[in-house]
Amino acid sequence: MIYDLIIIGAGPAGLTAAIYAARYKMNVLVIGEQIGGMVSEAHEICNFPTYKKITGTEFTKKLKEQVENLKVEIIYGVVTSIEKIDSLYTLKINLKEYSAKKIILAMGSEKRKLGLENESKFVGKGVSYCATCDASFFKNKVVGVIGGSNSALTAALLLSKFADKVYIIYRQDNFFRAEKMWVEEVENNDKIKTIFNSNVTELKGNNVLEGVKLDNGQELKLDGLFIEIGSIPNVKLIESLGIELEKNYIKTDEKQRTNLKGIFAAGDITNNPLKQIITACAEGAIAANSAHLELNSEKNS
Ligand SMILES: Cc1cc2nc3c(=O)[nH]c(=O)nc-3n(C[C@H](O)[C@H](O)[C@H](O)COP(=O)(O)OP(=O)(O)OC[C@H]3O[C@@H](n4cnc5c(N)ncnc54)[C@H](O)[C@@H]3O)c2cc1C
């Protein structure tokens, strides 16, 4: 079967694109590693219109229900290659192939690692990249959070509900990247102490993480360390296609078109500077609309 549209990635961008495509009655398939994408890791979402406050898990559940209600076909898996054969794109997952006339790339990004020795050894043994997933393991413990963005501050606030003490370690001298409301909450939280102008240079411990060393010479005893230092776009899959990138993110125009005809991109994987749910959803909607219009104009020509 040849689909009108295949969407790669089932985060907010991909699923919103699916909602629009289904309502345009396109024959659409979503292929995603996991439903909800990064949103499922969000502790509390307070900046999405219509919800004063909603957890990432609840948001994901509602999005999934909406897509399922439209009977969109979803396959759980990782696309390992995309090939262009004549006017069609053929995607591989394991040994199966799926072809479509149009593709939307909505693969988001992956958490950036510190790159320190022992970092991978301590994952699950004190080091974590997801406070929402792991915060409850640190009841009455002492933990650190590295980073200064909204993600880092919200991770620290969540951790403060479990841990006795939370250190935020940030290389800059203020939280200029974060929303003022989160900064105020952090400043007013007695359990959270911020250490500015500092980088972690060493992870200490034998079998489990026991602490960190900072570049100012200071050593902190920690039971857990949450790394929230940004992300890297998932563009490996498209390396051989010749899609134009800008600082490693997919370059799109105002219609979410890439430089390759028939391939659109949406969400955290694009060069949009605001990596948020609302922008991912908006780009997903625009990408689906553009794919729909392009397909219709081809049918009518
Ligand atoms: C802890 C945390 C808290 C956050 N809080 C907020 C908040 O309060 N408000 C807000 O607006 N934003 C928040 N964000 C940001 C928000 O989650 C992202 O901007 C949003 O999820 C981006 O959506 P996306 O669909 O572009 O990508 P993603 O959500 O990253 O989804 C992409 C999906 O594609 C999958 N994928 C990748 N490669 C392939 C492949 N080859 N085949 C199949 N699937 C693939 C990935 O596994 C992933 O599931 C938060 C993020 C984090 C990490």
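Everything discussed here concerns the structure shown above.
Rules used in this analysis
Residues numbered from 1 in each chain as written. Predicted model: local features only at pLDDT ≥ 70, side-chain atom pairs only at ≥ 80, totals over all residues. Heavy atoms only, no water. Disulfide = S-S within 2.5 Å. Buried < 20%, exposed > 50% of the residue type's maximum accessible area, 1.4 Å probe, protein only. Phe/Tyr/Trp six-rings, centres within 6.5 Å; stacked < 30°, edge-to-face > 60°. Helix = DSSP H or I, 4+ residues; strand = E, 2+ residues; numbered from the N terminus. Lys NZ or Arg CZ within 6 Å of the ring centre and 35° of its normal. Axes fitted to C-alpha atoms, helices over the stretch in contact; angles between N-to-C directions. Left-handed = near helix turned anticlockwise from the far one by under 90°. Contact = heavy atoms within 4.5 Å. Nonpolar A, V, L, I, M, F, W, Y, C, P; charged D, E, K, R; others polar. Pairing = 2+ DSSP bridges. Near = heavy atom within 4 Å. Polar contact = N/O pair within 3.5 Å; in protein donor to acceptor, adjacent residues only side chain to side chain. Areas by Shrake-Rupley, 256 points an atom, 1.4 Å probe, with all protein chains shown as cover.

Peer 1: Can you help me understand the state of the cysteines in this one?
Peer 2: By definition, a disulfide is the covalent link that joins the sulfur atoms of two cysteine residues. Under the defined criterion, the tally for this structure stands at one disulfide. Of the cysteine sulfurs around cysteine 46, a residue in no disulfide, the closest is that of cysteine 281, at 16 Å. Judged by relative accessible area, which is 11%, cysteine 281 ranks as buried.

Peer 1: Would you mind going over the packing of aromatic side chains with me for this structure?
Peer 2: Any aromatic ring pair is given by two values, namely how distant the centres are and how the planes are angled relative to each other. Across all of its chains, the model carries six aromatic pairs by this definition. Arranged with centres 5.1 Å apart and planes meeting at 75 degrees, the rings of phenylalanine 48 and phenylalanine 59 form a pair that is edge-to-face. Of the two residues, phenylalanine 48 sits in the loop between strand E2 (28–32) and helix H2 (56–69) while phenylalanine 59 sits in helix H2, which places them eleven residues apart along the sequence. Overall, the relative accessible area of 18% leaves phenylalanine 48 in the buried class. On the numbers, 5.8 Å between centres and 15 degrees between planes, the contact of tyrosine 170 with phenylalanine 175 is stacked. Among the aromatic residues, those joined into a ring-pair cluster are Phe48, Tyr51 and Phe59. One residue, lysine 113, lies across the ring of tyrosine 129, its end atom 4.9 Å from the ring centre. The lysine or arginine in question, lysine 275, covers the ring of tyrosine 249, its NZ or CZ lying 4.3 Å from the ring centre.

Peer 1: Would you mind showing me how to read the packing of helix H5 (residues 150–159) against helix H6 (residues 180–187) here?
Peer 2: The axes of two packed helices give the description: the angle between them and the distance between them. Orientation of H5 relative to H6, taken along the N-to-C sense of each, is 35 degrees, at an axis distance of 10 Å. Of the two elements, H5 crosses H6, and the hand of that crossing is left-handed. Contact residues: H5 offers Asn150, Leu153, Thr154 and Leu157, while H6 offers Trp182, Val183, Glu185 and Val186. Residue composition of the contact of H5 with H6, by class: five nonpolar, two polar and one charged.

Peer 1: Got a minute to help me understand the sheet that holds strand E10 (residues 165–169) in this structure?
Peer 2: Pairing between the strands of a sheet comes from backbone hydrogen bonds, and it takes one of two forms, parallel or antiparallel. Strand order in the open sheet formed by five strands is E8-E15-E9-E10-E11, with parallel pairing between adjacent strands. Of all strands in the sheet, those with a lone pairing partner are strand E8 (127–128) and strand E11 (192–195), marking the two edges. Alignment of E10 against E11, held across four bridges, turns out to be parallel. Looking across to E11, one finds that tyrosine 167 is bridged to lysine 193. Packing of H5 onto the sheet brings it into contact with strand E9 (142–146), E10, E11 and strand E15 (224–227), and relative to E9 it is tilted by some 170 degrees.

Peer 1: Which parts of the structure should I look at to understand the site of the ligand?
Peer 2: Around the ligand, the structure places 35 residues, and the nearest of them are Glu33, Met38, Val79, Asp268 and Ile277. Note that an oxygen atom of the ligand is positioned 3.4 Å from one of the backbone N or O atoms of lysine 275. One of the side-chain nitrogen or oxygen atoms of glutamine 276 is found 3.1 Å away from an oxygen atom of the ligand. The protein chains hide 91% of the 1000 Å² of surface that the ligand would expose on its own. For the shell around the ligand, the secondary structure elements donating two or more residues are helix H1 (12–23), E2, strand E7 (109–111) and helix H7 (277–300).

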